[in-house]
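Remarks on the overall topology
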There are 2 protein chains.
Amino acid sequence: VASSQAPTTRTPKGEHTRQTIQRAALALFSKRGYRDTTLRDIARRARTSVGLTYRYFPSKEAIVLAVYEDLAQAVEAKAVELPSGTLGARFEAILEMKLSMLAPHREAFGALVGPALDPASEVSVAGHKSTSVRARMLRVFENVVEGATDAPSTVPRDDLVAALYVIHLVVLLAWTHDRHKGAPRVRELLADIHSALDASGPLFALPPVREGLKRITAFVRAMLF
Amino acid sequence: VASSQAPTTRTPKGEHTRQTIQRAALALFSKRGYRDTTLRDIARRARTSVGLTYRYFPSKEAIVLAVYEDLAQAVEAKAVELPSGTLGARFEAILEMKLSMLAPHREAFGALVGPALDPASEVSVAGHKSTSVRARMLRVFENVVEGATDAPSTVPRDDLVAALYVIHLVVLLAWTHDRHKGAPRVRELLADIHSALDASGPLFALPPVREGLKRITAFVRAMLF
């Protein structure tokens, strides 16, 4: 049963058009910024009519939210296939995957970081329209923890997941600010986080660390979920 | 000796005009957003001529950078007067002060968070035009650590300062996303950070924690300084 919102997207041809529109949007964001791009510009670039584009996406914002959603979905699929390993190795692997998926659209995501972090924006990553994207990324980190060979038993799973989610947000923000090709500093940071997580087992048993994680979780859940 | 850039700002009358222009800009940012506000709009709202406004600030971006600078300067002045106390108490006190200074312009800073975190923006908080602002905030945290009764001797001062600087950025980002009046969740988070810092003394002696702090410092210095 096709959804009433975008009937054609469930067919291979529909999916192809949907992807073409998303790519056209990202290309234009990178060229002239998010704000200065219109749905009409995107349709022209995608060589589709405004009417057809509108059938897939009722607004420019809807395209961005679909980009978030598709990305989170792809990362979630990868997370399921992650080989078992340490928490640090699995966290690094999934972040590397996410950054590799973002890399071809580096400029476009650079242009989106402003709107994404603007609490008043329709495409805010903390807004109610991206609730399902955040839920998906949370599941990714639940998966990362589940399959870890060394997940600490001394802290609640949810607290660890929330902490990984926050670290992931900081890494993404840093990535958009790393001007060097391949984001070498962020790659180094990821390797450091990997080592830190591998070495942190005994720390998780310490009361102030456990208490700190509990507070972070409460805060993250209150703000984002 | 007056600077050639803004000769009149060094007199009390000049300073008054400068502040009036900044306040007018913030009022307009909160009303219609940063992007849709022009220098002409700001001049009209400040009841000054465009020519006079231009003598103080050659662009809208220059006004925002001046707002950052004045804020950092005010926080720095407060940091010097902080009573001695624990690291946690001093960190919380200085962040509370910064948030109190931001509070009257909550909506305006909400409108600025997008441009401030856009790496391509002129008013990027990570850009080269705000280097002096970051240096000033770093001095604030140096001061916070210097006067702390319990600053750990086991980690280099610079590592601790960089970590506090990063926590401060995360708190500010969270503040712009806390929709409730008085930002109660962020206030709670600050109280939690206070307790966490007070309890963290023994943690700083642990090798993985010291190594982690060293890595954070290297990353923050490479990205922002």
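You can overlay chain B on chain A at an RMSD of 0.0 Å; the transform is a turn of 180° with a shift of 0.0 Å along its axis. Both copies are brought into coincidence by an operation consistent with a two-fold rotation axis. Taking C-alpha positions as reference, the residue of chain B nearest the rotation axis is G114(B), located at 1.8 Å. The residues that chain B uses at the interface reappear at the interface of chain A in 100% of cases, marking a shared surface.

Here we come to the interface of chain B and chain A. Contacts between the two partners involve 29 residues from chain B and, on the opposite side, 29 residues from chain A. Across the interface of chain B and chain A, roughly 2,700 Å² is buried in total on both sides, 68% from carbon and sulfur atoms. Linking chain B with chain A are four salt bridges, by the criterion used here. The residue R215(A) makes a salt bridge to D192(B) at a minimum N-O spacing of 3.1 Å. Our count for the chain B to chain A interface comes out at 10 residue pairs in polar contact (both at pLDDT 80 or more). Element by element, the count of residues in the side of chain B that touches chain A is highest for helix α10 (residues 207-224) of chain B, at six residues. In terms of residue class, the side of chain B that touches chain A is made up of 16 nonpolar, five polar and eight charged.

Within the secondary structure, I94(A) sits in helix α5 (residues 87-102). Leave out the neighbours within four places in its chain, and I94(A) touches V75(A), K78(A), A79(A), L82(A), V140(A), F141(A) and V144(A).

Residue and element names in this part refer to chain B. If you check helix α1 (residues 12-32), its first and last C-alpha atoms are 30 Å apart, about what 21 residues at 1.5 Å a residue would give, namely 30 Å. Those residues of α1 that fall on the buried side of the exposure criterion are G14, T17, R18, T20, I21, Q22, A24, A25, L26, L28 and F29. Where the residues of α1 are buried, they touch α2 (39-46), α3 (50-56), α4 (60-81) and α6 (106-117). Downstream of α1 by a residue or two, G33 has a phi angle that is positive, lying close to 90°.

Right, let's get into unusual backbone geometry. The phi dihedral of R47(A) is positive, around 55°, even though this residue is not glycine. Relative to the assigned elements, R47(A) resides in the loop between α2 (39-46) and α3 (50-56). Positive phi values are uncommon outside glycine, yet A183(B) reaches one of about 45°. As for its position among the elements, A183(B) is in the loop between α8 (157-177) and α9 (184-199).

This part takes up the side chain of H177(B). Here H177(B) shows up in helix α8. Polar side-chain contacts of H177(B) include one of 3.4 Å to the backbone oxygen of L117(A). At 3.0 Å, the side chain of H177(B) and the backbone oxygen of L173(B) are in polar contact. Leaving out residues up to four positions away in the same chain, H177(B) has contacts with L117(A), P119(A), S124(A), A126(A) and M223(A).

Residues and elements named next belong to chain A. The end-to-end C-alpha separation of α5 is 23 Å, in line with the 22 Å expected for 16 residues at 1.5 Å each. Listed as buried for α5 are L87, G88, R90, F91, E92, I94, L95, K98, L99 and L102. Where α5 is buried, its residues touch α4 (60-81), α6 (106-117), α7 (131-146), α8 (157-177) and α9 (184-199).

Let's shift gears to the packing of aromatic side chains. Inspection of the entire model under this criterion finds eight aromatic pairs over all chains. A centroid spacing of 6.5 Å and a plane angle of 80° characterise the contact between F141(B) and Y165(B), whose relative ring orientation is edge-to-face. With F141(B) in helix α7 (residues 131-146) and Y165(B) in helix α8, the pair connects residues that are 24 residues apart, well separated along the chain. Residue classification places F141(B) among the buried residues on the basis of a relative accessible area of 0%. One aromatic cluster is present, built from ring pairs that chain together F91(A), F141(A), Y165(A) and F225(A). Over the ring of W175(A) we find R106(A), and its NZ or CZ is 5.0 Å from the ring centre.

Residues and elements named next belong to chain B. In this fold, T149 is placed in the loop between α7 and α8. Exposure remark for T149: the relative accessible area of 59% places this residue in the exposed category. Measuring from C-alpha to C-alpha, the distance between T149 and S84 comes to 6.7 Å, with 65 residues separating the pair along the chain. The residues contacting T149, other than those within four sequence positions of it, are S84, G85 and T86. Reaching out from T149, the side chain makes a polar contact with the backbone nitrogen of T86 at a distance of 3.5 Å.

A separate point is the pattern of salt bridges. Residues and elements named next belong to chain A. In this structure the tally under the stated criterion is 28 salt bridges over all chains. R18 is paired through a salt bridge with D70; the nearest N and O atoms lie 3.2 Å apart. You can see R18 sitting in helix α1 (residues 12-32) and its partner D70 sitting in helix α4, a full 52 residues away along the chain. Across this residue pair, the class does not change: R18 and D70 are buried. Of the charged contacts, one joins E76 and R136 as a salt bridge, the two residues approaching to 2.6 Å between their closest N and O atoms.

Turning our eyes to something else, we now look at the confidence of the model for chain A. All names here are of chain A. Of the residues in chain A, 96% have a pLDDT of 70 or more, and the chain-wide mean is 92. Here helix α10 (residues 207-224) stands out as the least confident element of chain A, with mean pLDDT 90; α2 is the most confident, with 98. Interface confidence in the predicted complex, given as ipTM, is 0.87; pTM for the same model is 0.90.

The rules behind each value
Within each chain, residues carry numbers counting from 1 in the order of the written sequence. Each chain takes a letter, starting from A, and each ligand takes a number, starting from 1, following the order in which they are written. Under the rules for a predicted model, residues below a pLDDT of 70 receive no local features and side-chain atom pairs below 80 are neither given nor counted, while totals for whole chains, interfaces and linings still include all residues. As a rule here, side-chain values cover all heavy atoms of the structure and leave hydrogens and water aside. Copy-to-copy alignment: least squares on C-alpha atoms, limited to residues at pLDDT 70 or above in both. The contact criterion used is simple: two residues touch if any of their non-hydrogen atoms lie within 4.5 Å. Two parts placed together each lose some accessible area under a 1.4 Å probe, and the buried area is that loss summed for both. Salt bridge, as used here: a side-chain nitrogen of Lys or Arg that lies within 4 Å of a carboxyl oxygen of Asp or Glu. Polar contacts here mean pairs of N or O atoms no more than 3.5 Å apart (in protein, one a potential hydrogen donor and the other a potential acceptor; neighbouring residues in sequence count only if both atoms are side-chain atoms). Helix and strand definitions here come from DSSP, where helices need a minimum of 4 consecutive H or I residues and strands a minimum of 2 consecutive E residues; each element is numbered from the N-terminal end. In this classification, the charged set is Asp, Glu, Lys and Arg, the nonpolar set is Ala, Val, Leu, Ile, Met, Phe, Trp, Tyr, Cys and Pro, and all remaining amino acids, among them Gly, are polar. The span expected for a helix works out to 1.5 Å for each residue beyond the first. Summary of the burial criterion: residues with accessible area below 20% of their type's maximum are buried, those above 50% are exposed, and those between are partly exposed, where the area comes from a 1.4 Å probe applied to protein chains only. By convention, a stacked pair of Phe, Tyr or Trp rings (six-membered ring in the case of Trp) has centres within 6.5 Å and planes under 30 degrees apart, an edge-to-face pair has planes over 60 apart, and any other such pair is tilted. Sitting over a ring, as applied to charges here, requires NZ of Lys or CZ of Arg to be within 6 Å of the ring centre and within 35 degrees of the ring normal. Per-residue confidence from the predictor is given as pLDDT, running between 0 and 100.

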